[in-house]
Every structure is written in structure tokens, then in C-alpha cells.
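Structure assessment
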2 protein chains.
Amino acid sequence: MIAEDDRAVRESVTRALELEGYTVTAVTDGVAALDAASGSGVDLLLLDLGMPNMDGLTVCRRLRSAGSRIPILVLTARTEVSDRVSGLDAGADDYLPKPFSLDELLARLRSLLRRSTFDDTDAPATITVEDLVIDEAARRAWRGERELELTKTEFDLLELLARNTGVVLSHSSIYDQIWGYDFGPDSKALAVYIGYLRRKTEDGGEPRIIQTVRGVGYTLRFS
Amino acid sequence: MIAEDDRAVRESVTRALELEGYTVTAVTDGVAALDAASGSGVDLLLLDLGMPNMDGLTVCRRLRSAGSRIPILVLTARTEVSDRVSGLDAGADDYLPKPFSLDELLARLRSLLRRSTFDDTDAPATITVEDLVIDEAARRAWRGERELELTKTEFDLLELLARNTGVVLSHSSIYDQIWGYDFGPDSKALAVYIGYLRRKTEDGGEPRIIQTVRGVGYTLRFS
DNA sequence: AAGATTCTTACGAATTCCGAACCTTGGCGA
DNA sequence: TCGCCAAGGTTCGGAATTCGTAAGAATCTT
């Protein structure tokens, strides 16, 4: 995620990162940065110091005091040593003075990401499919910025589909994995839950991601 | 540990760090650096790139390929972007161009050390989640300024939840970790303790931090 | 013996589940 | 092109689960 109010910088960095294959979310003020980075689904934060609403340093401190360990790379036009010091002491992981070269940004970014993925001893905590993000540990899910409020069965079902993105799951295999047994062939329970999920995932006008495969089952896929 | 062949830099940095209370070992060439840093007992490596016997970048790569995760801060006179990039890609954690100010060196050093001690999965002395502070050693807890008076089981439960902030813990996993075994599925013991903790953590009108995840368990989270 | 602490039980409240009835859609043969 | 019909979608509401809390018994501490 990039938090930067200067449109030129924000857009050029976003474009460059996307070319490199990263998925980028851009925000333009401190409060939005704090909000978005507080949830999961953000792997690294590029943070400008001078932003409206909330100063970058404050965002940094807030995130750290909330226990977030997300890697933070601070961007700033200020070049005084004292600024760097306060940035690092606020909990930033690295510091890059403007103007910076794209190569250096990418290198520092790789370095931070390599370090943070090292930390993850176990399986990836989140599944990301386009704008759908599922945090398995927290049992929370987002479509874009919007958090979905899911009941147990709804979450289990969405997680199952997301773990098998692009794969068609048959009715009976879904019944097996969610309920542990197959209901009668005339049970509409699964259809009901697919309905719930579709309503909740498309509530903001987003395109459909849960596709019906007639005569077979369902699959999670963009189309 | 500092690896630096220029005597003036080596000695002044050593002296400054010792004044700050660090214990410093100094070596003057790449082979010695690799040897000393391969063992344990070194918390952080200040590495000059231009050294006799073995180049700093090579030291860096060797250490990383041997699985060492020691924080490495690269010092160099070279200022070209390509040097920075190759340094970071060789596995360095941070980069400081000469000449550097002592203040900045110290700040980056603190940042790296904080990061690496963070990584230690074992006991941080206190857990902080927003305005909730838990001192594990003293077995005391505060919500804001107010100290919570907790019984043994209450404290254990709150600590468990706080160690897993944002993660949903299932009933059985909580029973396992707090009581050592699962009570019957119709025991309400857990619900009762959750109730006690909620009463005590919300006594001053604070917002709820212990959330129930229906059908699954509980999680500690702000929302 | 008094007080704390742990844990069970009982019951009300809230949520979630899912069968059933009815509606919509898509594929297919005439 | 039309109409049929089976598969899938939607809605409703009672049943079943799950949760929260009060009251109190059992056990441990001081």
C-alpha cells in the first residue's frame, strides 16, 4: 500500500510497482492509511511523512502501538538527519529520501519483504483473490475496502471456495467439507448459503465472483 | 560487531557505541568478519563494503546462504544507486552512506535491533494492545491507567487472547491451553470467565475488546 | 471460619441454521 | 422460435444452537 498525497509521485510509483507484479492500494491521507493498514491484507506500507489529516509519523506510531508488525518504508522530502532519526524511532523499518530512484525503492522494498516473509514460520495467513481478501486466522474477509460480516458457515464456505480459486467444487464435495456429510439431494442448504455470500460480496455493486457451474457445482472466479 | 578496515572510522564508531552502552567487537577484514559473525554472540553486524581478503558483499551473501539472520547494516563510501541495490539484494538489512552522522547510525542501529528482538518469538516482557497493557512477568494488567485485578485463570485467559491479538481462538484450543483439557461441550466455564474479563476490562466505560465469534470462539480485537 | 476462586447449572435472549414453498433461468427438443 | 422442465435462486419462519449472566455449590487460601 502507498500513502502519499502528491498525485504525481503516488501514481508513478503505483504504476511502477504494478508493472513489477505487485498489487497496490493507494491512499492519500493519514487517516485512510491507518485504517487500511490496520486490517490485514497489506504486506508493506510506503508512507509519506507530510500528509493531510494525520502526519506520517503519527500513523507509524499508532500502527506500532497497536501491535502491527507490517514493514513500513518512509518516504520524505525532508533530508535532515533528525527527521530520519525520528522516523526510525517512530517504528519505521526504513527510510528513503526524495527524490529517489525507482531501482533503489524496489531494492529496499524487496529487502523488507524478504525479511517479513522470513518471519512467517507457518502458512500464509491470508488468501487474496483479486479484490477479495480473506484472513483465515482472524476469520475476517474484505471485498476491496469493505469488510464482510460473515457467519461461521458463510465464512467456512467462502474460505473453501477461495482456497480452490478457479477449481470447480461439486455439490457433494462442498457438503462433505463444510457440513461433514451430504444432505439429501433435494436439500437447498448450499444454494441458500451461496445466496447469502453473493448478496454480501456484491453488496457494493462489485462483479460476481461466485460462479455457478450448472449440473456440477460452484467455483470462485472472475469473469 | 564492526567490520571496517579504515582505522579512523573503526575506532571512532567503536568508541561511540561503547559510550552508548553497547559491547563492540572490531575486525578489519572480510574473512575475520565472516568467521566471527558465523558464531553466535553477535547481535548486529556493521559491515564495510571495501575490505581486504573478502569483499563485504561476499560476506553478506555467505552469511545469508549459511542461514544466518543476523541484522546487517552496510557502510560504504560508494554512493551510486547500483551499489545500494546490490547491497540490499545481497541480504543486508540496511544501508548507510559515508560520511554518516553518529545520530543516524545510532537510530538505524536501534531500528534494526528493535526489529530483530521483535522477531524473537519468546517472551516480550509486556504485551500492549491499544490501551491494554499486560506485564507477563509481574502478572499484572492495565486498561489505560486503571489496573485490573485478575485471578489466576482470568489472567491466563487474557494473556492467551492478547498473545494472539486479532486471531480467533476456538473454544477447544482455549480449553486446551488454559485448562489442559477440553471440558464437556456443555460446560459454560469459558463463557463465565469471558464474562468476568469483560466486566473488568469495560468497568470504566471502555469499548469492548474481547469479541465473540459465534460458533467458533473468541478473539481480542478493537473494532 | 471467612473469603476467594473455580466451575456447574438454569434460563432467557440472540443468532444461526435449514426445510419448504415458490420463483427464475438456461438448455434442449420440436 | 417456442415452450417445457430441471437446475438453481430467493424468501420465510420455526427449530436448534449458541451465548451471556445470575445464582450457588464445591474447593482452596488465608
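Described below are features of the structure shown in this document. Computed from a prediction, not measured in an experiment: that's the story for all the values here.

Thresholds applied
- Residues numbered from 1 in each chain as written.
- Chains lettered and ligands numbered in written order.
- Predicted model: local features only at pLDDT ≥ 70, side-chain atom pairs only at ≥ 80, totals over all residues.
- Heavy atoms only, no water.
- Buried < 20%, exposed > 50% of the residue type's maximum accessible area, 1.4 Å probe, protein only.
- Helix = DSSP H or I, 4+ residues; strand = E, 2+ residues; numbered from the N terminus.
- Arc of directions from axis to C-beta.
- Salt bridge = Lys/Arg side-chain N within 4 Å of Asp/Glu carboxyl O.
- Pairing = 2+ DSSP bridges.
- Near = heavy atom within 4 Å.
- Polar contact = N/O pair within 3.5 Å; in protein donor to acceptor, adjacent residues only side chain to side chain.
- Nonpolar A, V, L, I, M, F, W, Y, C, P; charged D, E, K, R; others polar.
- Phe/Tyr/Trp six-rings, centres within 6.5 Å; stacked < 30°, edge-to-face > 60°.

Moving on: helix α3 (residues 56–65) of chain B. Three or more residues of α3(B) are buried, namely B:G56, B:L57, B:V59, B:C60 and B:L63. End-on view of α3(B): buried residues confined to an arc of 160 degrees, all on one side of the axis.

With that settled, the discussion passes to the pattern of salt bridges. Residues and elements named next belong to chain A. Applying the stated rule across the entire model yields 20 salt bridges over all chains. The salt bridge involving R146 is made with E206; its shortest N-O contact spans 3.0 Å. Pair noted here: R146 is in strand β9 (residues 146–148) and E206 is in the loop between α8 (189–201) and β11 (210–213), with a separation of 60 residues, a long-range link. According to the relative accessible area criterion, E206 is buried, its value standing at 18%. What emerges from the salt-bridge pattern is a single network uniting E136, E159 and R163.

Right, let's talk about the sheet that holds strand β3 (residues 45–48) of chain A for a bit. Residues and elements named next belong to chain A. Spatial ordering of the open sheet is given by β2-β1-β3-β4-β5, a layout of five strands whose pairing is parallel. On the outer flanks of this sheet lie β2 (26–27) and β5 (94–97), each paired with one strand and no other. Bridge count between β3 and strand β4 (residues 72–76): four bridges; the pairing is parallel. Considered in β4, the bridge of L47 is made with V74.

The next subject is the protein's contact with DNA strand D. Around DNA strand D sit 23 residues in total, of which A:R198, A:T212, A:Y218, B:R198 and B:T212 are the nearest. Contact between DNA strand D and A:Y218: a phosphate oxygen at 2.6 Å from a side-chain N or O atom of the residue. Of all the secondary-structure elements, those providing two or more residues to the surface near DNA strand D are α8 of chain A together with α8 (189–201) of chain B. Split by residue class, the surface near DNA strand D holds seven nonpolar, eight polar and eight charged.

Turning our attention to the packing of aromatic side chains. Residue and element names in this part refer to chain A. For the structure on display, the rule yields six aromatic pairs over all chains. Residues Y175 and W179 carry aromatic rings whose centres are separated by 5.2 Å and whose planes lie at 40 degrees to one another, so their mutual orientation is tilted. Of the two residues, Y175 and W179 both sit in helix α7 (residues 171–179), four residues apart, roughly one turn of that helix. Three or more aromatic residues joined by ring pairs form one cluster here, namely Y175, W179, Y193 and Y196.

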